[in-house]
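The chain contents come next:
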Amino acid sequence: MKNVRVRFAPSPTGIPHIGNIRTALFAWILAKKHNGKFILRIEDTDQNRYDPQSELAIIESMNWLGLAWDEGPEIGGNYGPYRQSERKNIYIDIAEKLIESGKAYYDDTTPEQLESLRKHQKEQKLPPRYDGRGRKRTEEQIKKSREKGVPITVRLKVPDFGKISFIDKVRGKIEIDAKEIDDFVILKSDNMPTYHLAHVVDDHLMKISHVIRAEEWISSTPRHILIHQALNYSLPEYVHVPLILGSDKSKLSKRHGSTSVLEYKKQGFINDALFNFLSLLGWSPGDDRELLSKEEIISEFELNKINSSSAIFDLNKLEWMNGVYIRGYSNKELIEKIKPILESENESIGLPKSIKRPLDESYLIKIIPLIKERIKTLNEISELIDFFYDNNIKNTVENIIIKKLDSSETIRILNKSINILNDIKSFKSELLESSFRNLVEIEKIKPGQLFTSLRFALSGKKIAPPLFETMEVLGRAKCIKRVSNAIMLVK
RNA sequence: GGCCCCAUCGUCUAGUGGCCUAGGACACAGCCCUCUCAAGGCUGAAACAGGGGUUCAAAUCCCCUUGGGGCUACCA
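Residues numbered from 1 in each chain as written. Chains lettered and ligands numbered in written order. Predicted model: local features only at pLDDT ≥ 70, side-chain atom pairs only at ≥ 80, totals over all residues. Heavy atoms only, no water.

Draft legend 1. Expanded view of the overall build of chain A. What chain A contains, in helices and strands, is 20 helices and 11 strands. For 491 residues, the compact-globule formula gives about 23 Å, and the C-alpha radius of gyration of chain A, at 32 Å, lies well above that figure. When burial is assessed residue by residue, chain A has 50% of its 491 residues classed as buried. For chain A, the share of sequence-separated contacts (at least 6 apart) that also reach a separation of at least 24 residues comes to 73%. (Helix = DSSP H or I, 4+ residues; strand = E, 2+ residues; numbered from the N terminus. Rg over C-alpha atoms; globule rule 2.2 N^0.38 Å. Buried < 20%, exposed > 50% of the residue type's maximum accessible area, 1.4 Å probe, protein only. Contact = heavy atoms within 4.5 Å.)

Okay, here's the thing in structure tokens:
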């Protein structure tokens, strides 16, 4: 494939969700695969819905996932500007040319009139459709309306016969009767173009080779074909990627819970895992492989392997995959990802505020192997390891009492345990384990009985990392102190 | 309502006329391992929406039905 130029063209009207970003991801992958260009274009032609925050969110989302663009706002490029509001005059010129060539016309039908037209059609069970009344308006009439302050739009003249067809790369030929399409607005009364006009013009001017967008655009593609024809533009390749649905099978939206990419970041998901997971929603390499690096995805990616049916977002599988990625990182790599979270001031994901920052990496790196295979998201970590930092272990007598034994027996055995902790030559997990197993044998109890009690004594938790590795990391002094405290509690 | 798109286990998917007794993964269940929890290993349950064609042969091609989704704005 030659000169692949693809764009991601979000409109800054909200925080980009998984579906938008998955589309961007596919476009990015295609560009990378063919050494093409990936372009970011901001489609801010709707000034009513414009939300300045969302442009930032779009950029942050893309950066996080590693979807770097070659051309775009700020960084520029040879086909700028890349923000549609800054291209306003281009669209106005083109709309005027279309009018001059008789392919479009001014319309002074008011929104109220359109509203009542639609209402009328609905009552008569007709499909709501603009009736082309503006075609009959004279220059003079439009001029008068304009002077009176009536909003004027520009509409494209659409033939009411014939068929419009196009090839979609994932579905094949799609055809529709021209009479299904009315004379639609291409320039709004605020002189901003509609999406239809703006993106066709920009894609052409920016030499976009593949229009990669979501399936919801299929039904308006015939309009875009019409604009191409009116302007004598050659058609790009159309690639309509399947929608991502929520668990209720409707188009993913806010009511499906967290849908924004940044939300997943916040929840402790890893960018590479999300990238991998998203790439598999609506695409597969054609075999059983699921854990793929970016490089593998790029080299395996083919447009004709994109699915035509929509996919439901399965959080369970994302969590599993995130766990796989966590386990796959070296301790060093994991530290980089984990440290900022543990140091976070946010109590729900960070270590208690009482623990002083920055965290000592040489201590942290000893803890990480113990929890690596026990977490699915980064956010679960601090709860699992806080006792390594916080010496204030909370316990109940019931936790410490060795199962099936009474308190005096418990105290006696825990004292023996302290002796072991005290006397052991080297404070290594293997040696600790064999010594405590020896004690268990002498006392004729089950390993689990003693170990559970010790686990509570050291961590205050029922569920914790392996006991002897934990002891080794904590070190002799802390272990003795904590077991002593447990004995005190039982007394 | 009209138009368009889609249809394999609960979910993501493999499958492009014979390799299908339909494969993998997540989730689920059981077992093993085991100091808890995980991780790991093994096993299991689980799908071609229905009906017609075409063909020696259909999950795969065609048609209809059903179901789902999308669009139907001076929003994108």
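So that's the structure; there's more coming.
Draft legend 2. Summary view of the protein's contact with RNA strand B. K188, G282, E373, R437 and R455 are the nearest of the 62 residues found near RNA strand B. Taken together, the sugar and phosphate atoms account for 71% of what RNA strand B places within 4 Å of the protein. One nitrogen or oxygen atom from the side chain of R171 is found 2.9 Å from a sugar or linking oxygen belonging to RNA strand B. Between RNA strand B and P466, the relevant distance is 3.3 Å, taken from a base oxygen to a main-chain nitrogen or oxygen of the residue. Those elements that provide at least two residues to the surface near RNA strand B are α4 (111–123), β4 (153–156), β6 (172–177), β11 (311–312), α11 (315–328), α18 (447–459) and α19 (467–474). When residues in the surface near RNA strand B are grouped by element, the largest group, 4 residues, is from α11. Among the residues forming the surface near RNA strand B, the class breakdown is 25 nonpolar, 14 polar and 23 charged. (Near = heavy atom within 4 Å. Polar contact = N/O pair within 3.5 Å; in protein donor to acceptor, adjacent residues only side chain to side chain. Nonpolar A, V, L, I, M, F, W, Y, C, P; charged D, E, K, R; others polar.)

Draft legend 3. Here's a closer look at the pattern of salt bridges. Applying the stated criterion across every chain, the model contains 35 salt bridges. We note a salt bridge from E290 to K317, for which the minimum N-O separation is 2.7 Å. Here the residue E290 occupies a position in the loop between α9 (271–279) and α10 (294–300), and K317 occupies one in helix α11, the gap between them amounting to 27 residues. What makes K317 partly exposed here is its relative accessible area of 31%. Connected through shared salt-bridge partners, R7, R41, E43, R87, D202 and D203 make up one network. (Salt bridge = Lys/Arg side-chain N within 4 Å of Asp/Glu carboxyl O.)

Draft legend 4. The arrangement of the domain arrangement of chain A in detail. In terms of domain boundaries, chain A breaks down into domain 1 (87–241), domain 2 (254–327), domain 3 (331–389) and domain 4 (397–490). Of note, the centres of domain 2 and domain 4, computed from C-alpha atoms alone, are 43 Å apart. (Domains from an automatic or database assignment.)

Draft legend 5. Highlighting the sheet that holds β4. As summarised here, the arrangement of the 3 strands in space is β3-β4-β7, forming an open sheet in which the pairing is antiparallel. Taken across any chain shown, the strands that pair with only one partner, and hence form the sheet edges, are β3 (104–107) and β7 (185–187). Taking the axes of each pair of neighbouring strands and ignoring which way they run, one obtains an average angle of 45 degrees across the sheet. The pairing of β4 with β7 spans 2 bridges and is classified as antiparallel. Within β7, the residue paired with R155 across the bridge is V185. (Pairing = 2+ DSSP bridges. Axes fitted to C-alpha atoms, helices over the stretch in contact; angles between N-to-C directions.)

Draft legend 6. Local environment of the environment of P285. With respect to the secondary-structure elements, P285 resides in the loop between α9 and α10. A relative accessible area of 6% places P285 in the buried class. Ignoring any residue separated from it by four or fewer positions in sequence, one finds P285 in contact with L280, L292, E300 and K305.

Draft legend 7. Up close: the nonpolar core. Counting 110 residues, the largest nonpolar core has F436, L450 and M471 as its most contacted members. With 10 residues, helix α1 (residues 18–33) is the single largest residue contributor to this core. Ignoring anything within four residues of it in the chain, the contact list for L450 reads I402, I413, L414, S417, F436, L439, V440 and I445. Listed in part, the 35 residues of the second largest apolar core include I99, V158, L231 and Y233. (Core = buried A, V, L, I, M, F, W, Y, C linked by side-chain atoms within 4.5 Å.)

Draft legend 8. Inspection of helix α16 (residues 407–423) at higher detail. Look at α16: 24 Å from first C-alpha to last across 17 residues, which is about the 24 Å you get at 1.5 Å a residue. Along α16, the residues that are buried comprise T410, I411, I413, L414, S417, I418, I420 and L421. As for α16, its buried residues are in contact with α15 (397–400), α17 (429–443), α18, α19 and α20 (476–490). (Expected span 1.5 Å × (residues − 1).)

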